[in-house]
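So the chains spell out like this:
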There are 2 protein chains.
Amino acid sequence: MVTIKDVAKATGVAPSTVSRVIANNPRISIMTKEKVRKAMKELGYHPNVSARNLAVKSTKAIGVVLPSSADKALQNPFFPEILRGIGSVTHDMEYSMTLSSGITEEEIFAEVQRMVYGSYVDGIILLYSRLNDRVMNFLHDKNFPYVIVGKPYEDIDEVTHIDNDNFTAGKEITNHLIETGHERIAFIGGSKELFVTMDREAGYQAAVKEAGLKDCEEYKIHTEFLKSGGREAVENLLSLKVRPTGLVISDDLMSLGVLSGLEEAGFSVPHDISLVSFNNVYLSEIIRPSLTTVDIHIHELGAESAKALIEKTIDKSEPAKRITVPHEIVFRNSVSKREAF
Amino acid sequence: MVTIKDVAKATGVAPSTVSRVIANNPRISIMTKEKVRKAMKELGYHPNVSARNLAVKSTKAIGVVLPSSADKALQNPFFPEILRGIGSVTHDMEYSMTLSSGITEEEIFAEVQRMVYGSYVDGIILLYSRLNDRVMNFLHDKNFPYVIVGKPYEDIDEVTHIDNDNFTAGKEITNHLIETGHERIAFIGGSKELFVTMDREAGYQAAVKEAGLKDCEEYKIHTEFLKSGGREAVENLLSLKVRPTGLVISDDLMSLGVLSGLEEAGFSVPHDISLVSFNNVYLSEIIRPSLTTVDIHIHELGAESAKALIEKTIDKSEPAKRITVPHEIVFRNSVSKREAF
DNA sequence: CTGTTAGCGCATTCAG
DNA sequence: CTGAATGCGCTAACAG
């Protein structure tokens, strides 16, 4: 391994000088800089992170914590995509990204502790949010830089988070259904415990109310989309005396299950029933009918979270803030016009 | 930050002793061990990785590089799943895992160089394999520990790789179709450049030949599944005078596209056409019809690769080897019996 | 069984 | 503008 000393020797300067040209210190003459750089290149010098980290007490690395992957939810294409978003900025800023690799909640917590106490990373991105989460509490207590993608359950204005305006998105997409003539619209969402679901549902409900449409409990379904993609949800809905003609579904992946269930039951989408959802993952484009869905800009969600976190690691006093990533509806083929009765 | 010195002082021993109890060195009396451990707990001591890494010249970290994510392929649930597999062993062995975060090929290469030269990681897992890949060549030249998930294009018995027996898998799943009475079976695969595709196709072909069935070129289709999920593939196939009754598709995600295309064109699966594929990602279970597919044990693929790599980082002279992860067919509802004509 | 010493590679005072 | 000295926190001989 070629060290700073080697290039110092080769150049006939002191190690500290080499260190300074690495940092591009302005007090070094342009000439020696060139000379040193040349030697670095020739010798194949590359700085050693561990040494650097030790000296400066910082790592230029961020940790990313995925939800407990006991959860099948991890198979959601949302995750690779957000990782890409994060990666795009870590790459640009020459940070590295460490993934937490626990599977149970317990393990994850242990991992995070290691990351924090062991100085593995300068900050952490939480890709989930739960009520009373040990990890978040821990980070908070330790005053360790972290951001949340989504909406925190507690201390909402003390923790910087990156989210969409899911309420508005829910409202808009529901309005789209209303505008195309639908009057009986149901909502199918994942766990009520999740803010995403709640926000989107609230938006749906607001739209329904404002339009003066029927707002009944029977039309709001919550199901673990892990289990058979909400098959039951569909069955429940179809067994109603007055069936909905439009469905707002809180996640593309879930739509896939619902769609399949619908067609299996002999309903054609969008002919018999229209359907819209959220996320705009790749899937929604390749299935038939392709999905009208709100693109929540997953990549940007990731990128913004990384940016915000890095700022925070650089200046710990950076105030907590909320970053709202814009969304936009992508119109495709899962919705059809419905004439008034 | 509480260091080894602090606990040394608090315990009245030398720093080196503390270091030894951390390493659980057997030459330390059980008594002082207890004493030291107690102090560590009380003071909230946690070892600093950077310092440790610097001293031992190793990082207990592995790098994972994903395929260039210009590729939509990353949205394949295959990736989160394999990451989980890797994570399960890195966690157990107390390693950490760093994701490469480049998006273009160029960027990825730069990242890998940083990882290697900067001593960010002890070894690297490549989650893709391409002909004449700079990254692989680089790792190879530098004699840096790495493993490949899949099959390397070059130096196949010099690089340890973890793969399924895709040939056999292809053969078996095709045989399943044959056994259920299908006589005209087509293959739809991704890029011919990929070994996975090639191997699976070769298996398909072997099965077809052995069964004495028609083996024509028209029945072998290659398409970028990125684009509209192989819609054209389907159209081509359907426009044939003698249409196939069974389809072997090289990836579940692609099946999704094909399935949609088929139903859109008015064909019902499995009634009119049967279909089988590979991977057994979550999707294949939630769509209707659920997919008969070969489970390639993605998680295990990841876990084995991590294990093999870690072994290699510990003992660089570990010989290159090939690890074959078993597969198994999961029978679901995308295949129906076909009576002889 | 334990303490002392000397680095690991780099950044950063402080001099000059 | 540059060099010498010191220390980041930990491990690893070497003594004893």
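Residues numbered from 1 in each chain as written. Chains lettered and ligands numbered in written order. Predicted model: local features only at pLDDT ≥ 70, side-chain atom pairs only at ≥ 80, totals over all residues. Heavy atoms only, no water.

Close to DNA strand C lie 27 residues, the nearest being Ile4(A), Tyr45(A), Thr17(B), Arg20(B) and Lys57(B). Within 4 Å of the protein, the atoms of DNA strand C are drawn from sugar and phosphate moieties in a proportion of 65%. In this structure, Arg20(A) approaches DNA strand C through a side-chain N or O atom, which is 3.1 Å from a base oxygen. Measuring from a base oxygen of DNA strand C, one finds a backbone N or O atom of Ala55(B) at 3.4 Å. Put simply, the parts of the chain that give the surface near DNA strand C at least two residues each are α2 (15-22) and α4 (49-56) of chain A together with α2 (15-22) and α4 (49-56) of chain B. No other element matches the 4 residues that α4(A) contributes to the surface near DNA strand C. Residue composition of the surface near DNA strand C, by class: 12 nonpolar, 10 polar and 5 charged. (Near = heavy atom within 4 Å. Polar contact = N/O pair within 3.5 Å; in protein donor to acceptor, adjacent residues only side chain to side chain. Helix = DSSP H or I, 4+ residues; strand = E, 2+ residues; numbered from the N terminus. Nonpolar A, V, L, I, M, F, W, Y, C, P; charged D, E, K, R; others polar.)

This part covers the interface of chain B and chain A. Residue-level contacts link 57 residues of chain B with 57 residues of chain A. Taking both partners together, chain B and chain A bury about 5200 Å²; carbon and sulfur atoms supply 60% of that area. Linking chain B with chain A are 0 salt bridges, by the criterion used here. Taken together, the connections running from chain B to chain A amount to 16 residue pairs in polar contact (both at pLDDT 80 or more). For the side of chain B that touches chain A, the secondary-structure elements that each account for two or more residues are α4, α5 (78-92), β2 (96-99), α6 (105-117), α11 (252-264) and α12 (283-286) of chain B. A per-element tally of the side of chain B that touches chain A places α5(B) first, with 8 residues. Taken together, the residues that form the side of chain B that touches chain A break down as 24 nonpolar, 21 polar and 12 charged. With 3 bridges connecting them, strand β2 (residues 96-99) of chain A and β2(B) associate as antiparallel partners. (Contact = heavy atoms within 4.5 Å. Buried area = accessible area lost by both parts, 1.4 Å probe. Salt bridge = Lys/Arg side-chain N within 4 Å of Asp/Glu carboxyl O. Pairing = 2+ DSSP bridges.)

What UniProt calls "domain: HTH lacI-type" (unreviewed entry) maps, in this numbering, to residues 2-56 of chain A. Counted over residues 2-56 of chain A, helix gives 69% and strand 0%. Its end C-alpha atoms are 20 Å apart. (UniProt positions renumbered as here; feature names shortened; annotations may be inferred.)

By size, the foremost hydrophobic cluster in this structure holds 144 residues, and its most contacted members are Leu127(A), Leu262(A), Leu127(B), Leu247(B) and Leu262(B). Once you skip the residues sitting within four places of it in the chain, Leu127(A) turns out to touch Val64(A), Val65(A), Leu66(A), Pro67(A), Phe79(A), Ile82(A), Leu83(A), Ile86(A) and Val149(A). (Core = buried A, V, L, I, M, F, W, Y, C linked by side-chain atoms within 4.5 Å. Buried < 20%, exposed > 50% of the residue type's maximum accessible area, 1.4 Å probe, protein only.)

All names here are of chain A. Applying the stated criterion across every chain yields a total of 28 salt bridges over all chains. Here Lys 38 ties to Glu 42 by a salt bridge, and the two come within 3.4 Å at their closest N and O atoms. A residue pair is termed a helical-turn pair when its members lie 3 or 4 positions apart in one helix, as Lys 38 and Glu 42 do in helix α3 (residues 30-43) at 4 residues. When the shortest N-O distance is used, the salt bridge between Asp 215 and Lys 220 registers 3.0 Å. Taking relative accessible area as the criterion, Asp 215 reaches 26% and is therefore assigned partly exposed. Several salt bridges converge on common partners, so that one network encompasses Lys 209, Asp 215, Glu 217 and Lys 220.

Turning our eyes to something else, we now look at the packing of aromatic side chains. Evaluation of the coordinates by the stated rule reveals 10 aromatic pairs over all chains. Ring centres 5.2 Å apart and planes at 90° place the aromatic pair Phe78(A) and Phe79(A) in the edge-to-face group. For the pair formed by Phe78(A) and Phe79(A), the shared burial category is buried. Taking 5.6 Å as the distance between ring centres and 75° as the angle between the ring planes, the aromatic pair formed by Tyr117(B) and Phe138(B) counts as edge-to-face. A residue pair is termed long-range when its members are at least 10 positions apart, and Tyr117(B) in helix α6 and Phe138(B) in helix α7 (residues 134-142) qualify at 21 residues. Phe138(B) gets classed as buried once you look at its relative accessible area, which sits at 8%. The ring centre of Tyr219(A) lies 5.1 Å from the NZ or CZ of Lys214(A), which sits over that ring. (Phe/Tyr/Trp six-rings, centres within 6.5 Å; stacked < 30°, edge-to-face > 60°. Lys NZ or Arg CZ within 6 Å of the ring centre and 35° of its normal.)

Time to look at the pairing of strand β9 (residues 274-279) of chain A. For β9(A), a buried count of 6 out of 6 residues is recorded, marking the element as mostly surrounded by other parts of the structure. With respect to chirality, the unit in which strand β8 (residues 246-249) of chain A leads through helix α11 (residues 252-264) of chain A into the neighbouring parallel β9(A) is right-handed. (Right-handed = clockwise from strand over helix to strand, strands pointing away.)

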